[in-house]
Amino acid sequence: MVNLPLFIIIPFGMAFFIPMVSRKIKWVPDVLGNITTFILLILSLMTLNLEYVYHIGGWKAPFGIVLVLDGLSCLLLIIINLISFMATLFSVEYLEKLYTSKLRYYSLFLLMVGGMNGTVLSGDLFNLFVFMEIASIASYALVAFGCQASELEASFKYLVMGNVGSLLVLYAIALLYGKTGSLNMADVAKILINIPYDNLIAFAFVLIISGFMIKSALVPFHAWLPDAHPSAPSPISAMLSGVVIKALGVYVVIRLIFNLFGFTPLISNVLIYMGVISMIFGVCLAVLQWDLKRLLAYHSISQMGYVFTGIGLGTPLGILGGLFHLFNHSLFKSLLFLNAGSIEYEIGTRDLNKMGLLYKKMPITSFATFISSMSISGIPPFNGFWSKFIIILAAIKAGRPIIAFWAVIGSILTLSSFSKVLKYSIYGKGEKFNEEKWEKIKEVGDLMIVPLIILSVLCIFSGLLLYGMTEGIFSPVINVLNGGVVEYINKVLGS
Amino acid sequence: MNEEKGMSLIVKTVTRWLKGFIFLFGAYVVIFGHLSPGGGFPGGVVFAATFILITLAFGKEYVLRKIGKILASELDSLGAILFLLLATLGIYFTGIFFSNFIEKFHPTGNFKLFSAGIIPLCNISIGMKVGASLFMVFIILSVVRVVFEDGKGKLITTEKKDKK
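Quick caveat: nothing in here was measured; it's all calculated off a predicted structure. (Residues numbered from 1 in each chain as written. Chains lettered and ligands numbered in written order. Predicted model: local features only at pLDDT ≥ 70, side-chain atom pairs only at ≥ 80, totals over all residues.)

## Remarks on the overall build of chain A
Selection criterion: Strands here mean DSSP runs of E at least two residues long; helices mean DSSP runs of H or I at least four residues long; both are numbered from the N terminus. Remark: residues whose backbone-derived C-beta atoms lie within 7 Å of one another are considered to be in contact.
Along the backbone of chain A there are 20 helices and two strands. If one aligns the C-alpha atoms of chain A with their principal axes, the spans along those axes are about 70 × 60 × 40 Å. Of the contacts made within chain A by residues no fewer than 6 positions apart, 81% connect residues no fewer than 24 positions apart.

Here it is in structure tokens:
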């Protein structure tokens, strides 16, 4: 059995250990950072199909702090630690040329990973807030890591929006604590069932969900994302788009709605409509972009729309589709950002107009870009197709063909914008294509290639292995969400 | 000490007398955190306030020469690691993360200070961490500037220029 606090001890311990030991020797932060994320990946794979509650300090549930491991936490733990291992592997060479101060980078990176691990494991509202803040503050600093004016501006915007979200959450937690006298999520849910529903609870609900929706960048709250995600170093963009908006945003929204406040038809409609609006709005803005990473960032908004639509349907099939898309999105979006990183590493620009004919010079990166573009657009053999297909199928089965129609339209627009990426960067030429520069381009180094290959393989096979994965990973998650509030209370408080 | 930097002679003299007392008060707040109002965080803030006072009175070069950013950063990391180590030792001694594994007793006897198990030790590590990080924040804010070159802003540190 895996000791749950290890997911918090290891990254935080290493985050403070690395700057102490590695001021003099250059290779230490790389080695320690990669070993740490690798160990975390192994540990997270060991939590598969486990379910238990850890009482910190030995204090029992309503009084002490608990860490809760169930299917949903397990899925998120695997996503977080898989993508963070890929990102650290990619960082080794990437940071060498473009950035300085690796020890600060790895220190902040591990703080972010530890914060996210804590967020998905916490069974206590205030601890969840604290871990969320640790991860957010580390990510604000990482977005500004290059210290250019544009990066600082993006980071400041992200900081302001993120802090507005955090304040809303803190206010809502204070209101809930005043109403129920407890901070344990299961205990709060138990008390909320037994007291009459009033406006204060509704107000707290709206505040806390808005706060976390700012973190997950659904459409009315999305303004920070297209600036913040492209400005960061590419491995961090991969983490932000692939993991952070899910662990801090989507996961907490799902957990609170299904296991604390209870899922109602009204909430279902709100989630679906916000999801559909983000889906279409994000992709429409993405088609217009000429900055590669900015285009990818807008697609994150759009794909989060799919996740929320699937989960908002509330049927087991819809939830399966939403969560499967969450998993797939973390794979192909981090792959896309890492590809964009290696292209930027070689060419020195993110402008699609200045690229061209990369398939001759960077074959592996180009092929990985092709695979991930096809995945995100939902072309059949790849994983994105299966999850989008399940969402569309679930929408039709739930008697909402219009939602299915918009999901198909969104998918077609996604394909069109990625055809643009492939045409201008990989297989065709941009308008300002520079022949002399192009001659000097070569494929990136081995350590940057490895994560691209691993993620590409996962992109292909996670789609083909849908059946096996459904049994292993997704059925416990669907049970967690379908069980609703009562089962969560029974599991955590153990009655 | 560079006499030209910093504030007037009066401020410098008063600071020289007061800094020890302020630091001592910070230590008191940290060590008695489990018995009286206070604890690691407020005590750490008082520690940091001592150094901020010295910085204001004598100028940042004096403090940077005495303490240095690297030492402050190491203290910061050391505080965090000590706190985590105390929490993790719980797993070693009792099998539970963050369990209070040192013997506790009712705070009426002669040794009031040692009545709360690991809590004073936690307070000391938090005090170290908070003091060092707040001091670092202040130093970084006073050292780093944004300069504009060709319409593009960039963060630079003014520390090296001052040393010349």
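## Topic: the overall build of chain B
Helix and strand counts for chain B stand at six helices and two strands. Reading the secondary structure of chain B in the N-to-C direction produces α-α-α-α-α-β-β-α. Put simply, 66% of the contacts in chain B that link residues at least 6 apart link residues at least 24 apart.

## A look at the packing of helix α2 (residues 28-46) of chain A against helix α4 (residues 102-121) of chain A
Residues and elements named next belong to chain A. Convention followed: Structural elements are reduced to axes, namely lines fitted to C-alpha atoms, with helices fitted over the stretch in contact, and the angle between N-to-C directions of any two is expressed from 0 to 180 degrees. Should an angle lie under 35 degrees it is considered roughly parallel, over 145 roughly antiparallel, and from 65 to 115 roughly perpendicular; all remaining angles are considered oblique. Here a crossing is taken to be left-handed if its near helix is turned anticlockwise relative to the far helix by less than a right angle, and right-handed if that turn runs clockwise.
Here α2 crosses α4 at 15 degrees, and the two axes come no closer than 9 Å. What the angle tells us is that α2 and α4 run roughly parallel. Judged by the sense of rotation from one axis to the other, the crossing of α2 with α4 is left-handed. Contacts from Pro29, Asp30, Gly33, Thr36, Thr37 and Leu40 of α2 reach α4 at Lys102, Leu103, Tyr106, Phe109, Leu110 and Val113.

## Quick look at the packing of helix α10 (residues 234-261) of chain A against helix α12 (residues 292-313) of chain A
All names here are of chain A. For clarity, the cut-off: For this classification, Asp, Glu, Lys and Arg are treated as charged, while Ala, Val, Leu, Ile, Met, Phe, Trp, Tyr, Cys and Pro are nonpolar and the rest, including Gly, are polar.
Following both chains from N to C, one finds α10 and α12 inclined at 25 degrees, their axes separated by 11 Å at the closest point. Classified by the interaxial angle, the pair formed by α10 and α12 is roughly parallel. The hand of the α10/α12 crossing is right-handed. Note on element contacts: α12 touches α10 through Lys293, Leu296, Ala297, Ser300, Met304, Val307 and Ile311, opposite Ser237, Ser241, Ile245, Val250 and Ile254. A class-by-class count of the residues in the contact of α10 with α12 yields eight nonpolar, three polar and one charged.

## A word on the interface of chain A and chain B
Counting residues at the interface gives 16 residues for chain A, matched by 18 residues for chain B. When residues in the side of chain A that touches chain B are grouped by element, the largest group, seven residues, is from helix α1 (residues 6-21) of chain A.

## Regarding the confidence of the model for chain B
Condition: What pLDDT conveys is the predictor's confidence in a given residue, as a value from 0 to 100.
Averaged over every residue, the pLDDT of chain B is 83; residues scoring 70 or more account for 86%. The ipTM, which scores confidence in the relative placement of chains, is 0.86 for this predicted complex, and the corresponding pTM is 0.92.

## Quick notes on unusual backbone geometry
Using the following cut-off: With C-beta atoms placed from the backbone, a residue counts as buried when 20 or more other C-beta atoms lie within 10 Å of its own, as exposed when 12 or fewer do, and as partly exposed for counts between those limits.
Residue Asn49 of chain A is not a glycine yet carries a positive backbone phi of 65 degrees. Mapped onto the elements, Asn49 of chain A comes out in the loop between α2 and β1 (52-55). Asn49 of chain A sits in the exposed class, given 12 other C-beta atoms within 10 Å. Phi is positive for Phe98 of chain B, which is not a glycine, with a value near 70 degrees.

## Some remarks on α4 of chain A
Selection criterion: How far a helix is expected to stretch is found by multiplying one less than its residue total by 1.5 Å.
With 20 residues, α4 of chain A ought to run about 28 Å at 1.5 Å a step, and its terminal C-alpha atoms sit 28 Å apart, in line with that. A large share of α4 of chain A lies buried, amounting to 18 of its 20 residues.

## Observations concerning α10 of chain A
Residues and elements named next belong to chain A. We count it as follows: Throughout, the bend at a residue refers to the angle made by two axes, fitted to the seven residues ending there and to the seven starting there.
Remark: the principal bend of α10, roughly 50 degrees, maps to Lys246. Taken across its 28 residues, α10 has 28 buried, putting it largely inside the fold. Remark: Gly262 follows α10 within two positions and exhibits a positive phi of approximately 95 degrees.

## What to know about the pairing of strand β2 (residues 66-69) of chain A
One face of the sheet, then the other: side chains in a regular strand alternate in exactly this way. Residue and element names in this part refer to chain A. The following threshold applies: Here a strand pair is declared whenever DSSP counts at least two bridges between the two strands.
Burial along β2 is two-sided: Val66 and Val68 and Leu67 and Leu69, pointing in opposite directions, are all buried. When β1 meets β2, the two strands line up antiparallel, connected through four bridges. The partner of Val53 across the bridge, within β2, is Val68.

## What about the environment of Gly79 of chain B?
Residue and element names in this part refer to chain B. Note that Gly79 resides in helix α4 (residues 69-94). Linking Gly79 and Asn123, residues 44 residues apart in sequence, is a C-alpha distance of 9.8 Å. Ignoring anything within four residues of it in the chain, the contact list for Gly79 reads Ser125, Ile126, Met128, Lys129 and Ala132.

## Points about the environment of Leu98 of chain A
Residues and elements named next belong to chain A. By secondary structure assignment, the location of Leu98 is in helix α3 (residues 71-98). For the pair Leu98 and Tyr345, spaced 247 residues apart in sequence, the C-alpha separation works out to 7.6 Å. Once residues lying within four places of it in the same chain are set aside, the contact partners of Leu98 are Pro233 and Tyr345.

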